[in-house]
Every structure is written in structure tokens, then in C-alpha cells.
Protein chains: 2
Amino acid sequence: MENIFTDEYFMKKALQEAEMAFDKGEIPVGAIIVVNNTIIARSHNLTEMLHDVTAHAEMQSITAAANFLGGKYLKDCTLYVTLEPCQMCAGALYWSQITKIVFGARDEQRGFMVMGTKLHPKTAVVSGVMANEAADLMKRFFISRRK
Amino acid sequence: MENIFTDEYFMKKALQEAEMAFDKGEIPVGAIIVVNNTIIARSHNLTEMLHDVTAHAEMQSITAAANFLGGKYLKDCTLYVTLEPCQMCAGALYWSQITKIVFGARDEQRGFMVMGTKLHPKTAVVSGVMANEAADLMKRFFISRRK
């Protein structure tokens, strides 16, 4: 039997979250955290609504997943996020010792890679999953803001 | 008339917060945010109590100050924190465009300086204010945990 729980399957859920952010006038980034093929956290960027720079999708999902698990380490968890995490989110992921990060589009300006942020040595990274869909959503957002 | 509102004056308030963390069995780091000599946020590390790696003193104060100000940018604000911020907190401070950061003790392992995290070009940094007091509190904490 085919495994339906692919990285694309879960990234689609993160993209649905990003679309919710879009509809609220937020920079459209969405995230979910998965353990044993079960989604234990879902979130989207809320920095404008909450007037809070810390309200990135990843930060909310890290807090929600830890709350669900009852512990601060996100062992055996995978974060799916539509955009490459920033320094702040990568720093939080470092502390969480999360097992795997899967992201969509690169952020060439403010992503953790170009900024040189360190992830935990236990953390595996996969990039480029549904990157075009994530990048298109960002482009649509910034075009709509210019109008 | 002598100005009582020195960096030491405010760092003592941050140290009081760090002592509260100590008393709760948390790594003793405290922070406050000041605007026009008025404290608008106070916090201490709560990562153990909340099972949440994002509950660093700085993160809580950034959220509280933005909530107080009704906007996400911490213009004309100064953060006083007893320990050098980590990657996550420095990343959040980057987004906040905070005007000034004053910290006490260096964190040679996980501080933003050794990790290479970028702060916003608008942000001034002062280090070493009451560094011995902050470092002593950390040392006392780790000695007490070994017992």
C-alpha cells in the first residue's frame, strides 16, 4: 500500500495555514508539527494581528507541540514550514532539539542559512518541498500589498 | 541633581527578576524593558515551568512591551537582561528593531555573539553591566543543581 504520509502531504497542511495568514493580511507563512504521522500543532504567522514579532508560525507551533507533549524537547517531531525559518525561529528550534525540519521556499534575505544561525546537531533539514507553491503565495501577498 | 536612572539602576531590577527564576529552579536570567525611564515589562526565564524553550526572559519581555506599546517595534526602548541573549532572543530583538540592549554576563557557549547572530543595525549594545553579579547567580544555580 502506498504511504500517503509524504512530506508533500504534510506541507500541503502547512500551506493551508499559510493561506489563512494571507486571508488575514499577514505575511503568508504556515507551519505544522507532526509526530508519528499525527499533526500535534498547526499555526500561521500572526505578527500583525498580535503586534508581536515573536508570533511567527514556527514559534507558535513549537509552544503548542511542547504543550501537547508535556515536555520542551521535540524528540521524534518534524516541523513543516512553508518558508525557511529566520534566526529567531531557528534559535528556538535549536533549543527544542527537534528531530527534523522540512521547509518550502528559501528566504534569501532573512533565512537562517544566509544569517548563519546554528541548528542543533540532532536536527535533520530537508528544503524545497512545494517551494514554488510557498513562494507564489508570498509573491501574491506582496503584489496585493502594493495595490 | 544626580541621575538615579543609570544602567546599574535598571540592571538591578533585571537581577531581581533573575533571582525569582532562581527561586523557582529555573536558570536564573531576568529581563526588563524600559522606555523614558519607565519599566514597561519585567520577566524571568520560565522554560522549565512552562515546558517551553521559547519562554526565555527576553522573549516574554518583548511580547509584554509590544503589548503595552500597542505596536511591534520597540522604538526608544532599552532591554536590560542579566545574561547575553541567545540566537533565538537576538533574532526576536532583530525583528523588534529595539533601540538599545544592555546585558550583564557573557554567554561564551550559547550567546548571540559567539553564535554569529545579527542584530538590527538600529540597535546599540552595551555589555558587562553588573556582569559579576549575574555570573555569580548562574554559578550558584549550577552548583545547587549538582547537589
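Everything here concerns the structure above.
Residues numbered from 1 in each chain as written. Chains lettered and ligands numbered in written order. Predicted model: local features only at pLDDT ≥ 70, side-chain atom pairs only at ≥ 80, totals over all residues. Heavy atoms only, no water.

*Asks:* Explain the overall build of chain A to me, please; I cannot follow it from the model alone.
*Replies:* Of regular secondary structure, chain A possesses six helices and five strands. N-terminal to C-terminal, the α/β element order of chain A is α-β-β-α-α-β-α-β-α-β-α. For 147 residues, the compact-globule estimate of 2.2 N^0.38 gives 15 Å, and the C-alpha radius of gyration of chain A, at 14 Å, lies within 12% of that figure. Counting the 147 residues in chain A, one finds 53% classified as buried. Carbon together with sulfur atoms contributes 52% to the accessible area of chain A, which is approximately 7000 Å² in total. Between the averaged position of the 16 positive side-chain charges in chain A and that of its 16 negative side-chain charges there is a distance of 3 Å. (Helix = DSSP H or I, 4+ residues; strand = E, 2+ residues; numbered from the N terminus. Rg over C-alpha atoms; globule rule 2.2 N^0.38 Å. Buried < 20%, exposed > 50% of the residue type's maximum accessible area, 1.4 Å probe, protein only. Areas by Shrake-Rupley, 256 points an atom, 1.4 Å probe, with all protein chains shown as cover. Lys, Arg positive; Asp, Glu negative; His and termini not counted. Charge placed at Lys NZ, Arg CZ, Asp CG, Glu CD.)

*Asks:* Whenever I open this one, the relation of the copies chain A and chain B confuses me. Can you help?
*Replies:* Here the two chain copies are tied together by a rotation about an axis and a shift along that axis. Under the fitted operation, chain A is carried onto chain B by 0.0 Å of movement along the axis and a turn of 180°, and the coordinates agree to an RMSD of 0.0 Å. The transformation just described matches what one would write down for a two-fold rotation axis. The position closest to the rotation axis in chain A is occupied by the C-alpha of Met 88 of chain A, lying 2.0 Å away. Take the interface residues of chain A: 100% of them recur as interface residues in chain B, which is what a same-surface contact looks like. (Least-squares fit on C-alpha atoms with pLDDT ≥ 70 in both. Contact = heavy atoms within 4.5 Å.)

*Asks:* I'm lost on the side chain of Asp 7 of chain B in this one. Help?
*Replies:* All names here are of chain B. As for its placement among the helices and strands, Asp 7 is situated in helix H1 (residues 7-23). Of note is the side chain of Asp 7, whose polar atom sits 2.8 Å from the side chain of Tyr 80. Residues contacting Asp 7, with those up to four places away along its chain left out, are Tyr 80, Lys 100, Val 102, Val 126 and Val 129. (Polar contact = N/O pair within 3.5 Å; in protein donor to acceptor, adjacent residues only side chain to side chain.)

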